[in-house]
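An overview of the molecular structure
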Amino acid sequence: MTDIKLLKDQTREGMVKVREICPNTYVSRRMGMFTGDERKITVAASEEMVGPIIDQFGKNIKVCANPDKTDKSNELLIEFYAVPSIILLGWLIGLGEIEVIGPKEVKEDMIDLLKKTSARYDRQ
């Protein structure tokens, strides 16, 4: 960059938006990916997964009993906001037994990722 000048008489665009953003929340919801729109993600998981999800996305999550569970497990529904990305999906896989419930597109992305990954290992 060359010939940089400070523009004193011009108002900066987006200042209102900048003041509304919490940097920690902004970064944590993007899982290292800085593009895309945040979506409400719903997963089914055990109580043990609430802590890691709070650690990553903050306390502004929703946790409730899973009305669809068919056994006596301690499975819960956990809702949080994040940018759907392969990084997010990989992180969820790394946590263990977590099922993406919605949105439908994110669940389908997870299924596709698992199929592609499984196919790589099936070739061996």
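The preceding data block contains the structure.
This text gives an overview of the structure that appears in the document. Computed from a predicted structure; not experimentally measured. (Residues numbered from 1 in each chain as written. Predicted model: local features only at pLDDT ≥ 70, side-chain atom pairs only at ≥ 80, totals over all residues. Heavy atoms only, no water.)

This part is about the sheet that holds strand β3 (residues 76–82). Strands in a sheet are paired, the pairing made by backbone hydrogen bonds, and the direction either parallel or antiparallel. The antiparallel open sheet is built from four strands, whose spatial order is β2-β3-β1-β4. A single partner strand is all that each edge strand has here, and the edge strands are β2 (62–65) and β4 (99–102). Within this sheet the neighbouring strands show an average axis-to-axis angle of 30°, counted without direction. Here strand β1 (residues 39–45) runs beside β4; their pairing, made up of three bridges, is antiparallel. Among the inter-strand pairings, V43 is bridged to a residue of β4, identified as V100. Its contacts with the sheet put helix α3 (residues 50–57) on β1, β2 and β3, and the angle it makes with β3 is roughly 10°. Along the sheet, helix α5 (residues 104–122) makes contact with β1 and β4, crossing β4 at roughly 150°. (Pairing = 2+ DSSP bridges. Helix = DSSP H or I, 4+ residues; strand = E, 2+ residues; numbered from the N terminus. Axes fitted to C-alpha atoms, helices over the stretch in contact; angles between N-to-C directions. Contact = heavy atoms within 4.5 Å.)

The next point concerns the environment of F80. Note that F80 resides in strand β3. Placed 42 residues apart in sequence, F80 and E38 show a C-alpha to C-alpha distance of 9.7 Å. Residue contacts for F80: discarding those within four places in its chain leaves R39, K40, I41, V43, I53, F57, I61, L88 and L92.

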